[in-house]
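# Residue-level structural notes
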Amino acid sequence: MKLAERISRISVSKTMAVGEAAGKLREQGVDVVDFGPGEPDFPTPENIKKAAMKAIQGDFTKYTAVGGIQELRKAIVEKHRRDFGSRYDVPECVVNIGGKHALFNVFSAVVNEGDDVIIPTPYWVSFADMARFVGANPIFLHTREDDGFRLTAQMLEKAITPKTRLIISNSPNNPSGAVIDDAEYIRIAQLCASRDIYLLDDECYVYFLYGDRKPFSIGSQTEFKNHIIIAGSLSKTYAMTGWRIGYLLAPPEIIQAVVKLQSHSTSNPVSISQKAALEALTGPQESVREMLAEYSKRRAFVLERVRAIPGVKCAEPGGAFYVYPNVSAAYKRGIKDSLDFSVKLLERQHVTVVPGEAFGTNDHIRISYATSMEQLDKGLKRLHEFMTSL
Ligand code: PLP
């Protein structure tokens with residue numbers, strides 16, 4: 001079979017193997033605890049579902065503007081302005097089919113073959129493959145675990161080359177939950193502007209912030225607006241992963257380029273989902289607060305329990321809904337690496353986690369706490385048992 005060369009540059013994640021093995025065990029009736037999923041375990045809030053049903057009943061089921069309906073784009077920029085003090089206008093906003101599509105379109109619209117894209121590790125798995133797909137070189141920049149995996153301008157400055165086109169930031173981070181300090185973030189934006197490099201900020205977890213920190217978006221720094229691209233998503237904030245609504249806030253030229261691309265590829269995001277998204281952004285926000293309060297409780301619980309396991313270290317995540325413990329102590333006790341750890345944990349204790357190698361660091365595993373307290377309790381007991389039995 002002859003396939004295009006560009007498709008061979010990317011690969012299906014090795015972590016799929018763990019998911020498949022878990023599926024097989026479940027089919028055999030085994031009680032598997034799943035810490036793998038990167039999606040909320042809550043249902044989509046009622047008011048959002050009702051808005052979608054109303055859209056269907058009102059026959060809002062045809063093509064819309066390629067870049068999303070005007071009222072949704074307006075709702076996105078207005079909410080961003082209210083929450084973060086940014087100053088985007090409708091021509092600086094496009095609606096995409098999920099955050100992933102938003103990010104993919106940015107790579108297509110601004111990155112050339114042979115460019116360097118700086119990706120801080122640990123990183124969300126798709127960034128590297130998006131870079132490879134457009135023929136760019138992913139340059140991995142290692143953040144330090146004992147500094148909570150925080151990204152700094154100084155680290156970036158050393159990694160920049162004349163070929164650097166794009167720098168990725170993802171705060172709060174998937175998988176580590178690390179949050180970049182506000183002042184540091186501004187220094188990073190300043191650096192990008194001074195070197196004429198785009199900063200692509202993936203803010204899909206921007207509302208998942210714990211403790212006393214106030215929500216912050218680098219999009220609020222209007223001075224550096226020409227070099228900042230914000231990719232947002234409704235998937236996690238509103239438990240809407242299946243609805244597929246994401247967006248970009250960026251200079252109008254980039255937005256126009258993305259709309260052009262969408263006009264020849266996907267056309268508009270689903271009309272019904274757009275109406276649901278409009279309700280999500282403009283309707284009551286209680287459900288978001290309730291979900292966050294629950295995540296916050298789980299985070300404290302998981303962190304305490306994980307840290308109590310002999311040989312496990314865990315940096316405190318400031319946001320998102322993951323913890324990223326270092327389990328490398330097990331590598332002295334018969335475990336080869338993070339994939340081997342995950343496979344054996346599943347075989348022996350029936351718990352699914354994502355191996356760190358999927359995120360560019362091999363000493364860790366990712367545990368998602370987007371699952372019930374009961375499941376967390378059961379799964380963490382099993383993880384404890386697994387580590388102490390090695
Ligand atoms: N960015 C990060 C860091 C993610 O973790 C995810 C999903 O897991 C996405 C983007 C994409 O989310 P969606 O395409 O559902 O909006």
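What this report covers is the structure whose coordinates are included nearby. Since this is a predicted model, take the numbers as computed values, not measurements. (Residues numbered from 1 in each chain as written. Predicted model: local features only at pLDDT ≥ 70, side-chain atom pairs only at ≥ 80, totals over all residues. Heavy atoms only, no water.)

## Side note on the site of the ligand
Neighbouring the ligand are 13 residues; G99, D202, S233, S235 and K236 lie closest to it. One of the side-chain nitrogen or oxygen atoms of S235 is found 2.7 Å away from an oxygen atom of the ligand. A distance of 2.8 Å separates an oxygen atom of the ligand from a polar side-chain atom of R244. In isolation the ligand exposes 400 Å². Once the protein is present, 92% of that is buried. Taken together, the residues of the shell around the ligand sort by class into 3 nonpolar, 6 polar and 4 charged. (Near = heavy atom within 4 Å. Polar contact = N/O pair within 3.5 Å; in protein donor to acceptor, adjacent residues only side chain to side chain. Areas by Shrake-Rupley, 256 points an atom, 1.4 Å probe, with all protein chains shown as cover. Nonpolar A, V, L, I, M, F, W, Y, C, P; charged D, E, K, R; others polar.)

## Structural notes on the environment of N362
Its location among the elements puts N362 in the loop between strand 11 (354-355) and strand 12 (365-368). By relative accessible area, N362 is classed as partly exposed at 34%. Separated by 35 residues in sequence, N362 and V327 place their C-alpha atoms 9.3 Å apart. Leave out the neighbours within four places in its chain, and N362 touches Y331, D337, S338 and E357. For N362, the side chain forms a polar contact with the side chain of S338, separated by 2.6 Å. (Helix = DSSP H or I, 4+ residues; strand = E, 2+ residues; numbered from the N terminus. Buried < 20%, exposed > 50% of the residue type's maximum accessible area, 1.4 Å probe, protein only. Contact = heavy atoms within 4.5 Å.)

## Looking at the side chain of N326
Tracing the backbone through its elements, the reader meets N326 in the loop between strand 9 (322-323) and helix 11 (338-349). Only 2.9 Å separates the side chain of N326 from the side chain of E145, close enough to count as a polar contact. Setting aside anything within four residues of it in sequence, one finds N326 in contact with E145, G311, V312, K313, D363 and H364.

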